[in-house]
Amino acid sequence: MRFTSSLLIPAPALLLLLAVLFVSVLPGCGKKPKDQAIKFDPNISVNVVPVPEFWPREEKDFPKSELDRAVRKQALEKYGRPDYLRQVYTVDRRVIRPKDILEGIHLPGKKASPTLEWLYIDEKLALEFDGPRMVEHELDDLLRIAAIYGDANIVRNHPQADGRVFHIHTYYNHAKEFTFDGTTLVKEKTLTSTLPGSERIKE
């Protein structure tokens, strides 16, 4: 005796059903990158993110206020597209370490909410937007390195004989080490090993 199932589905309909189910279990897979909000990836940097090709999207990337939006448009016309977008956490605009954000460490001078800056590497320019006000800043070495390489894997203090304290930023993923006096780069080294604790310096 041969049994015939009433649940048999024609092949084209079955394929369509599987496609619908696939999309339903992965709700984000139907969105193109240009339709999504720009997000800062803490695995790379909590401070900066590269500007994607589709930026700017007026409705997603510019403020809702017409006055604030007009300031951004004027800046875009005058300076062109920035290289990076920067998230500013404190009133003194200092570069923040990832663990300070991820671990919820108290930040002196922390803003109620992060503000945005546009960074121009070659021009050494940072444009700070505060509502309808735009302020130009010189792009310092510390922020420039953070934009190009991301956040350092390790930051160490190195006291000097004259009382100054240099800060050594080590990037194992790039085999680089940068020494800063404040925000000024005073030394750059290339590591011959990228294993933490076993690095040797190539002068």
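All values reported here derive from a predicted model rather than from experimental measurement.

## Focus on the side chain of Arg93
Okay, step 1: Relative to the helices and strands, Arg93 resides in the loop between β2 (84-90) and α4 (98-102).
Okay, step 2: Other than its neighbours up to four places away in sequence, Arg93 contacts Arg86, Val88, Glu117, Ala126, Glu128 and His137.

## A short note on the environment of Asn47
Okay, step 1: Turning to its location among the elements, Asn47 is positioned in the loop between α1 (11-25) and β1 (48-50).
Okay, step 2: Note on Asn47: relative accessible area 0%, which makes it buried.
Okay, step 3: Counting along the chain gives 100 residues from Asn47 to Ala147, while the straight-line C-alpha distance between them is 7.9 Å.
Okay, step 4: Polar contacts involving the side chain of Asn47 include one to the side chain of Asp151, which spans 3.0 Å.

## Overview of the pattern of salt bridges
Okay, step 1: Under the criterion given, the structure shown has 13 salt bridges.
Okay, step 2: In this structure, the salt-bridge partner of Arg86 is Glu117, at a minimum N-O distance of 3.3 Å. With Arg86 in strand β2 and Glu117 in strand β3 (residues 110-120), this residue pair connects regions lying 31 residues apart in the sequence. Glu117 matches Arg86 in its accessibility class, with the two residues each being buried.
Okay, step 3: With a closest N to O distance of 3.3 Å, Asp130 and Arg133 form a salt bridge.
Okay, step 4: Exposure remark for Asp130: the relative accessible area of 41% places this residue in the partly exposed category.

## Considering unusual backbone geometry
Okay, step 1: In the segment running from Trp55 into Pro56, the intervening peptide bond is cis, with an omega of 0°.
Okay, step 2: Of note, Pro56 is situated in the loop between β1 and α2 (58-61).
Okay, step 3: Although it is not a glycine, Arg93 adopts a positive phi angle of roughly 65°.
Okay, step 4: The phi angle at Ala175 is positive, at roughly 55°, despite the residue not being glycine.

## Some details on the confidence of the model for the chain
Okay, step 1: Residues of the chain with pLDDT of at least 70 account for 77%, and the chain-wide mean is 82.
Okay, step 2: Mean pLDDT across the elements of the chain bottoms out in strand β10 (residues 201-202) (42) and peaks in strand β8 (residues 176-181) (97).
Okay, step 3: Taken as a whole, residues 1-9 scores under 50 in pLDDT and shows two contacts with residues more than four places along the chain or in a different chain.
Okay, step 4: Every residue in residues 198-203 scores below 50 in pLDDT, and together they form 16 contacts with partners more than four places removed in sequence or on other chains.

## Details of the nonpolar core
Okay, step 1: By size, the foremost hydrophobic cluster in this structure holds twelve residues: Val49, Val51, Trp55, Phe62, Val71, Ala75, Leu85, Trp118, Tyr120, Leu125, Leu127 and Phe129.
Okay, step 2: The contact partners of Leu127, leaving out residues within four places of it in the chain, are Ala75, Tyr79, Leu116, Glu117, Trp118, Tyr120, Met134, Val135 and Glu136.
Okay, step 3: Formed by eight residues, the second largest nonpolar core is a distinct cluster that contains Val48, Tyr84, Leu119 and Leu143.

## Some remarks on the pairing of strand β7 (residues 165-171)
Okay, step 1: Most of β7 sits inside the fold, with five of its seven residues counted as buried.
Okay, step 2: Pairing of strand β6 (residues 154-159) with β7, which is carried by six bridges, proceeds in the antiparallel orientation. Among the inter-strand pairings, Pro159 is bridged to a residue of β7, identified as Val165.
Okay, step 3: From the end of β6 to the start of β7, which pair antiparallel, there are five residues, and Gly163 there has a positive phi angle of about 95°.
Okay, step 4: From the end of β7 to the start of β8, which pair antiparallel, there are four residues, and Ala175 there has a positive phi angle of about 55°.

Cut-off values and rules
- Residue positions within a chain follow its written sequence, with the count starting from 1.
- Given that the model is predicted, a residue must reach a pLDDT of at least 70 before its local features are reported, and side-chain atom pairs must reach 80 or more before they are shown or counted; all residues, however, enter totals for whole chains, interfaces and linings.
- Excluded from the side-chain calculations are hydrogens and water; all other atoms, namely the structure's heavy atoms, are used.
- Think of it this way: any DSSP run of H or I at least four residues long counts as a helix, any run of E at least two long counts as a strand, and we number them from the N terminus.
- In this description, contact between two residues means that some pair of their heavy atoms is separated by no more than 4.5 Å.
- Exposure classes here rest on a 1.4 Å probe applied to the protein chains alone. A residue is buried below 20% of its type maximum, exposed above 50%, and partly exposed in between.
- Counting of polar contacts relies on pairs of N or O atoms within 3.5 Å, with two restrictions inside protein: one atom must be capable of donating a hydrogen and the other of accepting it, and residues adjacent in sequence are counted only when both atoms are side-chain atoms.
- Salt bridge, as applied in this entry: a Lys or Arg side-chain nitrogen positioned within 4 Å of an Asp or Glu carboxyl oxygen.
- Scored between 0 and 100, pLDDT is the confidence that the predictor attaches to each residue.
- We define the nonpolar core as a collection of buried residues of types Ala, Val, Leu, Ile, Met, Phe, Trp, Tyr and Cys that are connected through side-chain atoms lying within 4.5 Å of one another.
- Here, any two strands with at least 2 DSSP bridges between them count as paired.

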